[in-house]
Amino acid sequence: MDYSTPANLSRSLILLACLTAPTAVIAQTPSPLQEWQYSSGLILANMFESDLPEVRVVSGVGSAIQPIYDGSRAYRVLDGPVINIQFKDIAFISTGDGIGYDVVHKCGLQLGVSIGYDLGRKERDDYANLIGMGDKPVSAVPKLFGAWVVSQEFPLVIRSDIRHLLRAGGGSIADLGAYFPLPGSSAHLAMFFGPSITVADKRYLQDMYGVTNQESASSGHLAYSIEQSGIEATGLGFSATWTLSRHYLVNVDAAINHLGHLPADSPLVERASGHVVVLSFDYTW
């Protein structure tokens, strides 16, 4: 891809703006994917192309291979629908990113709010390691987010967000990430790559990785208390969309994450590093 030519960059980024939609089966907090992967390319498309369709709709099916929970040694395959509706650059409805509104949507700058969901965690997902730990219920997750493009000549996107789980003991999480369109992208293939760091307050870390004395007695795990906020995970993400025809496309998302030392030291964590691969087949309306 020739980044010095806005028209060339625009074609592949508009592709992502109209087509990208991670599958619903990975809508977790924090996600196995990097947070920026849910909306990669959208702010760039709005920056390079002022005449986008009023409404863009993508639907399809997808599958994800991911750890049963963050820190688990075991993996599972999850299947689900893909739905992504973009209303110009103002609002969206997405199985991966919830329902949101862009309060600020200027060229190269985006600030918004959304409401998503967390699927929780159940003992039966991994009886060998979670028995006696109790279930983490499904929760609504409000989010504030922002993104900024360095420049048209250097289209690095910096994105951050803060989320709060509304369930009892849920806590708050924040992400800071960056991504860049990769060389080799074209009007038929758009690729992005970038790092991310996730931090969490002590309430969230204790809820997901801590072991109380009561849980220790019922599960057999050593008691483990987290008394401070810190890094939940660091990671790298890759996203690609390949256009098969005017309406059909394939989305591939992959990520690797490594837990910070506070969660990694938990007796619940069997493996500090984990990865996820998501594949979806979609139709654009």
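Every chain begins its residue count from 1, and numbering advances along the sequence as written. In view of the model being predicted, local features appear only for residues whose pLDDT reaches at least 70, and side-chain atom pairs are presented and counted only at 80 or more, with totals across whole chains, interfaces and linings using the full set of residues. Computation of side-chain values: all heavy atoms of the structure, hydrogens and water removed.

### Let's talk about the packing of aromatic side chains
Moving on, step 1. Between rings of Phe, Tyr and Trp, where Trp is taken as its six-membered ring, a pair exists when centres lie within 6.5 Å; planes separated by under 30 degrees are stacked, by over 60 edge-to-face, and by other angles tilted. Taken as a whole, this structure holds six aromatic pairs when the rule is applied.
Moving on, step 2. Grouping aromatic residues by their ring pairs yields a cluster made of Trp36, Tyr179 and Phe192.
Moving on, step 3. Whether a charge lies above a ring is judged from NZ of Lys or CZ of Arg, which has to be within 6 Å of the ring centre and within 35 degrees of the ring normal. Directly above the aromatic system of Tyr69 lies the positively charged group of Arg121, at a separation of 5.7 Å from the ring centroid.

### Here we look at the environment of Ile256
Moving on, step 1. For Ile256, the location among the structural elements is in strand β11 (residues 248–259).
Moving on, step 2. For the pair formed by Ile256 and Phe238, sequence separation is 18 residues and the distance between their alpha carbons is 9.3 Å.
Moving on, step 3. Any pair of residues with heavy atoms lying within 4.5 Å of one another is described as a contacting pair. Once residues within four sequence positions are removed from consideration, Ile256 is found in contact with Gln34, Thr234, Gly235, Leu236, Gly274 and His275. Elements are defined by DSSP. Helices are runs of H or I of four residues or more, strands are runs of E of two residues or more, and each kind is numbered from the N terminus.

### Details of helix α4 (residues 202–209)
Moving on, step 1. Along α4, the positions that sit buried rather than exposed are Tyr204, Leu205, Asp207, Met208 and Tyr209. Along α4, the residues classed as buried sweep out an arc of 165 degrees about the axis, all on the same side.
Moving on, step 2. Next to the buried residues of α4 lie β7 (157–165), β8 (171–181), β9 (189–200), β10 (230–243), β11 and α6 (261–264). Only protein chains enter the accessibility calculation, which uses a 1.4 Å probe; a residue is then buried when its area is under 20% of its type maximum, exposed when over 50%, and partly exposed in between. Note that the arc is computed from the directions linking the helix axis to the C-beta atoms.

### Quick word on the pattern of salt bridges
Moving on, step 1. Any Lys or Arg side-chain nitrogen located within 4 Å of an Asp or Glu carboxyl oxygen qualifies as a salt bridge. If you walk through the whole model with that rule in mind, you get ten salt bridges.
Moving on, step 2. Salt-bridge contacts for Arg159 lead to Glu35; the nearest nitrogen and oxygen are separated by 2.9 Å. Highlighted residues: Arg159 in strand β7 and Glu35 in the loop between α1 (6–19) and α2 (42–48), separated in sequence by 124 residues. The residues Arg159 and Glu35 share a single accessibility class, namely buried.
Moving on, step 3. Between Lys143 and Asp97 there is a salt bridge whose closest N-O contact spans 2.8 Å. Here Lys143, found in strand β6 (residues 139–149), pairs with Asp97, found in the loop between β3 (91–94) and β4 (98–106); they are 46 residues apart in sequence, far enough to count as distant.
Moving on, step 4. Since its relative accessible area comes to 10%, Asp97 is described here as buried.
Moving on, step 5. Look at the salt bridges and you will find they share partners, linking Glu35, Asp97, Lys143 and Arg159 into a network.

### A short note on the sheet that holds β3
Moving on, step 1. Spatial ordering of the closed barrel is given by β1-β2-β3-β4-β5-β6-β7-β8-β9-β10-β11-β12, a layout of twelve strands whose pairing is antiparallel. Ignoring strand direction, the axes of neighbouring strands in this sheet form an average angle of 20 degrees.
Moving on, step 2. Strands are treated as partners if at least two bridges between them are detected by DSSP. Of the pairings in the sheet, the one linking strand β1 (residues 55–67) to strand β12 (residues 273–284) comprises eight bridges and is antiparallel in character. Within the sheet, the bridge partner assigned to Val58 lies in β12 and is Thr284. Only the stretch in contact is used when a helix axis is fitted, and all axes are lines through C-alpha atoms; the angle between N-to-C directions ranges over 0 to 180 degrees.

### Looking at the pairing of β9
Moving on, step 1. Pairing geometry for β8 and β9, over seven bridges, is antiparallel. Bridging from a neighbouring strand, Phe180 pairs with Phe193 of β9.
Moving on, step 2. Taken together, the twelve bridges between β9 and β10 define a ladder with antiparallel strand orientation. Counted as the bridge partner of Thr198 is Ala233 from β10.

### What about the nonpolar core?
Moving on, step 1. Within the largest apolar cluster, 17 residues are counted, with the highest numbers of intra-cluster contacts made by Tyr204, Leu205, Tyr209 and Ile226.
Moving on, step 2. Among the elements that make up this core, the one with the highest residue count is α4 (four residues).
Moving on, step 3. With near-sequence residues (within four places) excluded, Leu205 lies in contact with Ala200, Gly210, Ile226, Gln228, Ser229, Gly230, Glu232 and Leu262.
Moving on, step 4. Residues enter a nonpolar core if they are buried and are Ala, Val, Leu, Ile, Met, Phe, Trp, Tyr or Cys, with the set joined through side-chain atoms within 4.5 Å. One finds Ile43, Ala147, Val149 and Phe192 within the second-largest nonpolar core, a separate group that totals eight residues.

### Things to note about the pairing of β4
Moving on, step 1. With four bridges connecting them, β3 and β4 associate as antiparallel partners. Within the sheet, the bridge partner assigned to Ala91 lies in β4 and is Tyr101.
Moving on, step 2. Remark: three residues form the turn of the hairpin made by β3 and β4, two consecutive strands paired antiparallel.
Moving on, step 3. In terms of strand pairing, β4 meets strand β5 (residues 109–118) through seven bridges, oriented antiparallel. Bridging across to β5, Tyr101 finds its partner in Val113.
Moving on, step 4. Here β4 folds back onto β5, and the loop between the two strands holds two residues, one of which, Gly108, carries a positive phi near 80 degrees.

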